[in-house]
Amino acid sequence: MARRKQIYEGKAKVLFEGPEPGTIVQYFKDDATAFNNKKRGVITGKGVLNNRISEHLMIKLGEIGVPTHFVRRLNMREQLVREVEIIPLEVVIRNVAAGSLSQRFGIAEGTPLPRSIVEYYYKNDALNDPMVTEEHITAFGWATTQDLDDMMSLALRINDFLLGLFLGIGIRLVDFKIEFGRLWNGDDMQIVLADEISPDSCRLWDIKSNEKLDKDRFRRDLGQVEEAYQEVARRLGILPEGGPRDLKGPATMQ
Ligand code: TMP
């Protein structure tokens, strides 16, 4: 196969030019980072699992009418997505206090929030992804008021749906981060869910034990990181065919 053109390499994914114009291949790495790249490691099999988990969640969200960039999974570590103009915001939706919200307001981790809270962070590693308000976003032109309305309503729909989906498999969706992109069709523009949804970008706690089944196991050196990602995939019913043994998979990256 001809060598593909790499468009971008991020901390957990590599993007390549897709087979047709307007498409991109997302390659999921096993690399893990935390605290804006200060902590680095490898979670064996993570890329394979996140590729599957994100595929599964994006397909389900698509089925309830949430527009996404997802087209199809190509292989163990790659999926085809539509090329979108990424809006430089990390949209965080929180149901239960944890992480930076707990730190900022001194609220114990695990405290249910009075209602779901949506926050925006400016995607900029050099600035450490600062939290921003709608005022900053519209004044600096990162998104319009209409874009923000669309993102907020999609974020809440995604949250409602994922809360139920995870509850059904004994998992509490504490919080998660999503990104949106602009999909252009001639002069028409639609805001669509982009990037990924996986245990890298969610806090997922077992309902009964409160055991963490997400990247906090890596961030906080809790051990059993691979096992936690596998457990999420297992409960979603999507462990790769060969089971955990298959997670290394063939090296498909070129
Ligand atoms: P936080 O409590 O550290 O602000 O994180 C909130 C959620 O966002 C949590 O589920 C982890 C996710 N997240 C990312 O996906 N990427 C990031 O860079 C950060 C800081 C958080």
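Residues numbered from 1 in each chain as written. Predicted model: local features only at pLDDT ≥ 70, side-chain atom pairs only at ≥ 80, totals over all residues. Heavy atoms only, no water.

K.L.:
What is the right way to look at the nonpolar core in this model?
P.N.:
Where a protein is soluble and globular, its nonpolar side chains tend to be buried together. Of all hydrophobic cores here, the largest spans 52 residues; its most connected members are I158, F166, I178, F180 and I197. Examining the composition of this core, we find that 8 residues originate from one element, helix α4 (residues 145–167), more than from any other. In this structure, V14, V25, Y27 and L80 belong to the second largest nonpolar core, which totals 5 residues. (Core = buried A, V, L, I, M, F, W, Y, C linked by side-chain atoms within 4.5 Å. Buried < 20%, exposed > 50% of the residue type's maximum accessible area, 1.4 Å probe, protein only. Helix = DSSP H or I, 4+ residues; strand = E, 2+ residues; numbered from the N terminus.)

K.L.:
Explain the pairing of strand β12 (residues 171–185) here, please?
P.N.:
If a strand is regular, its side chains alternate between the two faces of the sheet. Of all 15 residues making up β12, 12 are buried, and the element is well covered by its neighbours. Relative to β12, strand β8 (residues 85–86) runs antiparallel, the two being bridged by 2 bridges. The residue bridging E85 from the neighbouring strand is R182, located in β12. Across 5 bridges, β12 lies against strand β14 (residues 202–206) in antiparallel orientation. The partner of L173 across the bridge, within β14, is L204. One ladder, built from 7 bridges, connects β12 with strand β13 (residues 188–194); its direction is antiparallel. (Pairing = 2+ DSSP bridges.)

K.L.:
Whenever I open this one, the site of the ligand confuses me. Can you help?
P.N.:
Around the ligand lies a shell of 15 residues, among which R94, S100, D175, K177 and R203 are the nearest. A distance of 2.5 Å separates an oxygen atom of the ligand from a polar side-chain atom of D175. Contacts to the ligand include R203, whose side-chain N or O atom sits 2.9 Å from an oxygen atom. Expressed as a share of its isolated accessible area of 450 Å², the protein-covered part of the ligand is 76%. Residue assignment for the shell around the ligand shows that the elements contributing at least two residues are β9 (89–96), α2 (99–105), β12 and β14. Of the residues that constitute the shell around the ligand, the class distribution is 5 nonpolar, 3 polar and 7 charged. (Near = heavy atom within 4 Å. Polar contact = N/O pair within 3.5 Å; in protein donor to acceptor, adjacent residues only side chain to side chain. Areas by Shrake-Rupley, 256 points an atom, 1.4 Å probe, with all protein chains shown as cover. Nonpolar A, V, L, I, M, F, W, Y, C, P; charged D, E, K, R; others polar.)

K.L.:
How should the sheet that holds strand β6 (residues 70–73) be read in this particular structure?
P.N.:
For sheets, the rule is that strands pair by backbone hydrogen bonds, running either parallel or antiparallel. Pairing within the open sheet is antiparallel, and its 5 strands lie in the order β1-β2-β3-β7-β6. At either margin of the open sheet sits one strand with a lone partner, and together these are β1 (6–9) and β6. Across the sheet, the mean angle from the axis of one strand to that of its neighbour is 25°, orientation sign disregarded. Sheet topology note: the strand β3 (residues 23–28)/strand β7 (residues 78–82) ladder contains 5 bridges and is antiparallel. From the neighbouring strand, T23 faces β7, where its bridge partner is R82. (Axes fitted to C-alpha atoms, helices over the stretch in contact; angles between N-to-C directions.)

K.L.:
Help me understand the pattern of salt bridges in this model?
P.N.:
When the charged atoms of two side chains with opposite charge come close together, those side chains can pair. Here the structure, examined in full by the defined rule, presents 27 salt bridges. The salt bridge involving E17 is made with K5; its shortest N-O contact spans 3.9 Å. Taken together, the residues span a long stretch of sequence, with E17 in strand β2 (residues 13–17) and K5 in the segment before β1 at a distance of 12 residues. According to the relative accessible area criterion, K5 is exposed, its value standing at 54%. Between K29 and D31 there is a salt bridge, with its nearest N and O atoms 3.8 Å apart. With relative accessibility at 31%, the residue D31 sits in the partly exposed group. One salt-bridge network, in which partners are shared between bridges, spans R94, R104, E109, E119, D175, R203, D216, R219 and R220. (Salt bridge = Lys/Arg side-chain N within 4 Å of Asp/Glu carboxyl O.)

K.L.:
Is there a simple way to explain the packing of helix α1 (residues 46–63) against α4 in this structure?
P.N.:
Two quantities define a packed helix pair, namely the angle between the helix axes and the distance between the axes. Where α1 contacts α4, the two axes come as close as 11 Å, and the packing angle between them is 120°. Judged on the interaxial angle alone, α4 and α1 are oblique. For the element pair α1 and α4, the recorded crossing hand is right-handed. Here L57, K60 and L61 of α1 come into contact with α4, specifically with I158, F161, L162, L165 and F166. When grouped by side-chain class, the residues that make up the contact of α1 with α4 number 7 nonpolar, no polar and 1 charged. (Parallel < 35°, antiparallel > 145°, perpendicular 65-115°, else oblique. Left-handed = near helix turned anticlockwise from the far one by under 90°. Contact = heavy atoms within 4.5 Å.)

K.L.:
In this structure, what is going on with the packing of α1 against helix α6 (residues 225–236)? I would like to understand it.
P.N.:
Running from N to C, α1 and α6 cross one another at 35°; their axes reach a closest spacing of 10 Å. The chirality of how α1 crosses α6 is left-handed. Two secondary-structure elements touch here, α1 through K46, L49, N50, I53 and H56 and α6 through Y229, Q230, V232, A233 and L236. Among the residues making up the contact of α1 with α6, the classes are represented as 6 nonpolar, 3 polar and 1 charged.

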